[in-house]
Amino acid sequence: MSPMIGGSPWNTGSDHSDTEGYRSMVMTAPERSTEHTTPDDRPLPRTPREIFESLPPNPRLRAEIINGNLIVSPSGLPKHGRMAMRLAFALLPVQEEHGWESFTGNVDICVEGPRDTVVPDYCLVPVNAPLWGDREILSSALIMVAEVVSPGSKELDRITKPGLYAGCRIPVMLLIDPVASPPTVTVFSDPEDGDYRTTTRTEMGKPLRLPSPVDFDLDTSIFL
């Protein structure tokens, strides 16, 4: 059965499992129809962006729009969130030095242009970064993003999101990959033409230099 939102059926695309034992839903809008309305005669949301904007904030779910698809996933496991928090603690000196602020998996980022929405596991931004509406930080404001790979998000985190973030010209992306063999940490930098020109990967546990504008030597043993 198709998942239901607002009493109307929605098509589902390919599944992505964000956490072990759970599946996320990938939703694409069906063809528009004037027959489906809400009880107060307002049209139902028909596009991924309209559905996203109609969703109330829910800390147990993560909603993202990636390549035009609405992806709804359960929140991450504790070990997943722990790695993002350890990164945030490690970068506190950088944050305080520059007057920046950071978020761990709890803010929406509006990708300017297509107006897709992503939720990085960690992001570093200037204080009072510009917003789209009152809910989403504009992607052009981001200094750094990080993703923690889980068993069901390998393709999304390793392949899709680096290209997405490079297309936004976010200066630095960090990929923390505890499910690789051996576990690795990769930093992407120098975005140009939808790709990061510089990639540095190290085995988890070894030091890794985060390039400008972060300029920080990260001890990746914090993720072990």
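Residues numbered from 1 in each chain as written. Predicted model: local features only at pLDDT ≥ 70, side-chain atom pairs only at ≥ 80, totals over all residues. Heavy atoms only, no water.

**Notes on the overall build of the protein**
Keep this limit in mind: Helix and strand assignments follow DSSP, with helices taken as H or I runs no shorter than four residues and strands as E runs no shorter than two, numbered in order from the N terminus. Throughout, a contact is declared for two residues whenever any of their heavy atoms are within 4.5 Å. To be clear on the numbers: accessible area is Shrake-Rupley with a 1.4 Å probe, and residue cover counts the displayed protein chains and nothing else.
Counting its secondary structure elements, the protein contains 4 helices and 18 strands. Sequence-distant contacts, at least 24 apart, represent 48% of the contacts inside the protein between residues at least 6 apart. As displayed, the protein has an accessible area near 11400 Å², and 51% of this comes from carbon and sulfur atoms.

**As for the environment of isoleucine 66**
When you line up the elements, isoleucine 66 lands in strand S5 (residues 61-66). Taking the C-alpha atoms as reference, isoleucine 66 lies 9.4 Å from valine 111; in sequence the two are 45 residues apart. Among residues more than four places away in sequence, those in contact with isoleucine 66 are Ile71, Asp116, Val118, Leu156, Thr160 and Lys161.

**A short note on the environment of threonine 198**
Applicable threshold: A simple rule labels every residue: compare its accessible area, found with a 1.4 Å probe on the protein chains alone, to the largest value its type can have, and call it buried under 20%, exposed over 50%, or partly exposed in between. Polar contacts, as counted here, are pairs of nitrogen or oxygen atoms within 3.5 Å of one another; within protein the pair requires one atom able to donate a hydrogen and one able to accept it, and residues that are adjacent in sequence qualify only if both atoms are side-chain atoms.
Checked against the element boundaries, threonine 198 lands in strand S16 (residues 195-203). Looking at threonine 198, the relative accessible area reads 30%, which means it is partly exposed. It is 9.9 Å that separates the C-alpha atoms of threonine 198 and valine 172, two residues lying 26 residues apart in sequence. Discounting chain neighbours no more than four positions away, the residues touching threonine 198 are Val187, Phe188, Ser189 and Asp190. Of note is the side chain of threonine 198, whose polar atom sits 2.5 Å from the side chain of aspartate 190.

**Examining the sheet that holds strand S14 (residues 172-177)**
Selection rule: Strand pairing is assigned whenever DSSP identifies at least 2 bridges connecting the two strands. Between the N-to-C directions of two axes lies an angle of 0 to 180 degrees, each axis being a line fitted to C-alpha atoms and, for a helix, fitted only over the stretch in contact.
The 6 strands lie next to each other as S7-S10-S13-S14-S15-S16, forming an open sheet whose pairing is mixed. Each of the sheet's edge strands pairs with one partner strand only, and the pair in question is strand S7 (100-103) and S16. Averaged over all neighbouring strand pairs, the angle between strand axes comes to 15 degrees, with direction disregarded. Strand direction decides the pairing type here: strand S13 (residues 144-148) and S14, joined by 5 bridges, are parallel. By the bridge assignment, valine 148 is partnered in S14 with isoleucine 176. Its contacts with the sheet put helix H2 (residues 78-90) on S7, strand S10 (122-126), S13 and S14, and the angle it makes with S13 is roughly 150 degrees. In the packing of helix H4 (residues 154-167) onto the sheet, contacts are made with S13, S14, strand S15 (184-192) and S16, and the angle to S14 comes to roughly 170 degrees.

**Notes on the state of the cysteines**
Our working definition: Any two cysteine sulfur atoms lying within 2.5 Å of each other are counted as a disulfide.
Counted according to the given criterion, the structure contains 0 disulfides. No disulfide involves cysteine 168; its nearest neighbouring cysteine sulfur is the one of cysteine 110, lying 9.1 Å away.

**Some details on the pattern of salt bridges**
Convention followed: In the sections that follow, a salt bridge refers to a side-chain nitrogen of Lys or Arg positioned within 4 Å of a carboxyl oxygen of Asp or Glu.
The tally for this structure, following the rule as stated, stands at 11 salt bridges. Of the charged contacts in the structure, one is a salt bridge between glutamate 147 and lysine 161, with a shortest N-O distance of 3.1 Å. Taken together, the positions of glutamate 147 in strand S13 and lysine 161 in helix H4 put the pair 14 residues apart, joining distant regions of the chain. Residue glutamate 147 is classed as buried on the basis of its relative accessible area of 1%. Glutamate 192 is the partner of arginine 197 in a salt bridge, and the nearest nitrogen-oxygen pair spans 3.3 Å. When its relative accessible area of 57% is taken as the criterion, arginine 197 is described as exposed. Look at the salt bridges and you will find they share partners, linking Arg49, Glu53, Arg115 and Glu136 into a network.

**Concerning the pairing of S5**
When you tally the buried positions in S5, you get 5 out of 6 residues, the bulk of the element. Relative to strand S6 (residues 69-74), S5 runs antiparallel, the two sharing 6 bridges. Of the residues in S6, the one forming a bridge with alanine 63 is valine 72. Turn length for the S5-S6 hairpin, with the two strands adjacent in sequence and antiparallel, is 2 residues, and the turn residue asparagine 67 shows positive phi of about 55 degrees.

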